[in-house]
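Fold and geometry: a report
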Amino acid sequence: MATTIDIGEEALEFLAASKDIGDVELEALARAALTVLLGAEREDTALVDPVLEEMNVDLIKKLYSGFVCLFVEAAKNDLSSKELCAFLRSECGVAQDRGELLSHLFANKKEELRTRLSLTANYSHLPQLSGVDWRLEYRTSSSSDEGGPVRELVYHLSLKTRERDDAGELRKLDFSCSVEQLQDLVSQLKDACKSVERAVERR
C-alpha cells in the first residue's frame, strides 16, 4: 500500500513543478526549507543562494512552500526515507534519483524536526494578540536620481500582545512597512486562515 500524507493539492502541484529545475537548485531549495524549519536561518537569508539567482522568483516561492509542507508533514507522520521517496514518486511524479536525494536530506534532519515540532505543538507559551493600532504616513523627499520629488506611503503598525498567563500589562510590537509589504502580509494571513479552514474541514 502506497504511503500518503496530507500536504494539500496546492503543495502537490508545487512539488510536481520541481521537474522544471536542475538537481543543484532542487537541493538548494530543499536545504533552505529545512534550515528555516529548524530555526537556523530566516527565509530572507536562507533563500539567498548563488545557484538560485537565475530562477524565476515565483517558482522559488512555490517550490520552497512545497518543501516546507512536505517536510513538516513527513516529520509529523514519522515517515521513513523509503516511504517519503515512494510518496514523492507516486503523488508528485518526482524521479527516483531526485526522490532519494530529498528523502536523504529529510532523513538526516527528521529527528531534529520532530523535536522542534513537539515544542511548537504546545502554543500555550505564545503571547496572544489583543489589538492593533496603525497610522499612515505620507513621506516626501526633496529629490531623487531623476531630479523630482520622491513620495511614498508608509504604514506604522503596533501589535498589542499579552502573555496567556498574564492579565496585566500589554506589550507592543512596533514596525513600519510599505503598502506592498502590508498587502503581502495581509495576503499571507489570509492564506494561513484558509489553510486552517481546510485542515478543520478534513477532520
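Since the model is a prediction, treat every value here as computed from it, not as a measurement.

1. So, the overall build of the protein
A count of helical and extended segments in the protein gives 7 helices and 3 strands. Out of the 203 residues in the protein, the part that is buried amounts to 29%. Sequence-distant contacts, at least 24 apart, represent 58% of the contacts inside the protein between residues at least 6 apart. Surface exposure of the protein reaches about 13600 Å², of which carbon and sulfur atoms provide 50%.

2. A look at unusual backbone geometry
For aspartate 78, which is not glycine, the phi torsion reads 55 degrees and is therefore positive. Tracing the chain through its elements places aspartate 78 in the loop between α4 (57-76) and α5 (81-92).

3. Overview of a nonpolar patch on the surface
There is a patch of nonpolar side chains on the surface, built from Trp134, Leu136, Tyr138 and Leu153 and spanning about 450 Å² of accessible area. Of the residues forming the nonpolar patch, the biggest block, 3 residues, is contributed by strand β1 (residues 128-141). Mapped onto the secondary structure, tyrosine 138 falls in strand β1.

4. Observations regarding the pattern of salt bridges
The final tally for this structure, using the stated rule, is 9 salt bridges. In this structure, arginine 98 engages aspartate 23 in a salt bridge whose closest nitrogen and oxygen atoms are separated by 2.7 Å. Here arginine 98 is found in helix α6 (residues 96-120), whereas its partner aspartate 23 is found in helix α2 (residues 23-37), with 75 residues between them in sequence. Overall, aspartate 23 belongs to the partly exposed group, its relative accessible area being 42%. Between arginine 114 and aspartate 78 there is a salt bridge, with its nearest N and O atoms 3.9 Å apart. Of this pair, arginine 114 sits in helix α6 while aspartate 78 sits in the loop between α4 and α5, placing them 36 residues apart in sequence. Take arginine 114: its relative accessible area is 30%, and that puts it in the partly exposed class. Overlapping salt bridges bring together Asp78, Lys110 and Arg114 as one network.

5. Brief notes about the environment of leucine 52
Its place among the elements puts leucine 52 in the loop between α3 (43-46) and α4. Residue classification places leucine 52 among the buried positions, given a relative accessible area of 4%. Taking the C-alpha atoms as reference, leucine 52 lies 9.0 Å from valine 24; in sequence the two are 28 residues apart. Discounting residues that sit within four places of it in the chain, leucine 52 has contacts with Glu25, Ala28, Leu29, Leu47 and Ile60.

6. So, the packing of aromatic side chains
By the definition in use, this model includes 3 aromatic pairs. Within the aromatic cluster, the residues linked to one another by ring pairs are Phe67, Phe71 and Phe106.

7. So, the nonpolar core
Judged by nonpolar contacts, the single largest core of 39 residues is most densely connected at Leu29, Met55, Leu63, Phe67, Leu70, Phe71 and Leu113. Breaking this core down by element, the ones donating at least two residues are α1 (9-16), α2, α4, α5 and α6. In contact with phenylalanine 67, other than residues within four places in its own chain, are Leu15, Leu26, Leu29, Ala30, Ala33 and Leu102.

8. Some thoughts on the confidence of the model for the protein
Per-residue pLDDT for the protein has a mean of 85; in total, 86% of the residues score no lower than 70. At the low end of the mean pLDDT range in the protein sits helix α7 (residues 179-202), at 81; at the high end sits α2, at 94.

9. Details of the packing of α2 against α4
Think of two packed helices as two axes; the pair is described by the angle between the axes and how far apart they sit. Two elements in contact, α2 and α4, have axes whose closest approach is 9 Å; the angle formed by their N-to-C orientations is 55 degrees. Compared by their axis directions, α2 and α4 come out oblique. Here α2 runs over α4; the crossing is right-handed. Each of Leu26, Leu29, Ala30, Ala32, Ala33, Leu34, Val36 and Leu37 in α2 lies in contact with α4, whose residues at this interface are Ile60, Leu63, Tyr64, Phe67, Val68, Phe71 and Val72.

Rules behind the numbers
Residues numbered from 1 in each chain as written. Predicted model: local features only at pLDDT ≥ 70, side-chain atom pairs only at ≥ 80, totals over all residues. Heavy atoms only, no water. Helix = DSSP H or I, 4+ residues; strand = E, 2+ residues; numbered from the N terminus. Buried < 20%, exposed > 50% of the residue type's maximum accessible area, 1.4 Å probe, protein only. Contact = heavy atoms within 4.5 Å. Areas by Shrake-Rupley, 256 points an atom, 1.4 Å probe, with all protein chains shown as cover. Patch = residues over 30% accessible without salt bridge, like charges linked within 9 Å, V, L, I, M, F, W, Y side chains within 5 Å. Salt bridge = Lys/Arg side-chain N within 4 Å of Asp/Glu carboxyl O. Phe/Tyr/Trp six-rings, centres within 6.5 Å; stacked < 30°, edge-to-face > 60°. Core = buried A, V, L, I, M, F, W, Y, C linked by side-chain atoms within 4.5 Å. pLDDT = per-residue confidence, 0-100. Axes fitted to C-alpha atoms, helices over the stretch in contact; angles between N-to-C directions. Parallel < 35°, antiparallel > 145°, perpendicular 65-115°, else oblique. Left-handed = near helix turned anticlockwise from the far one by under 90°.

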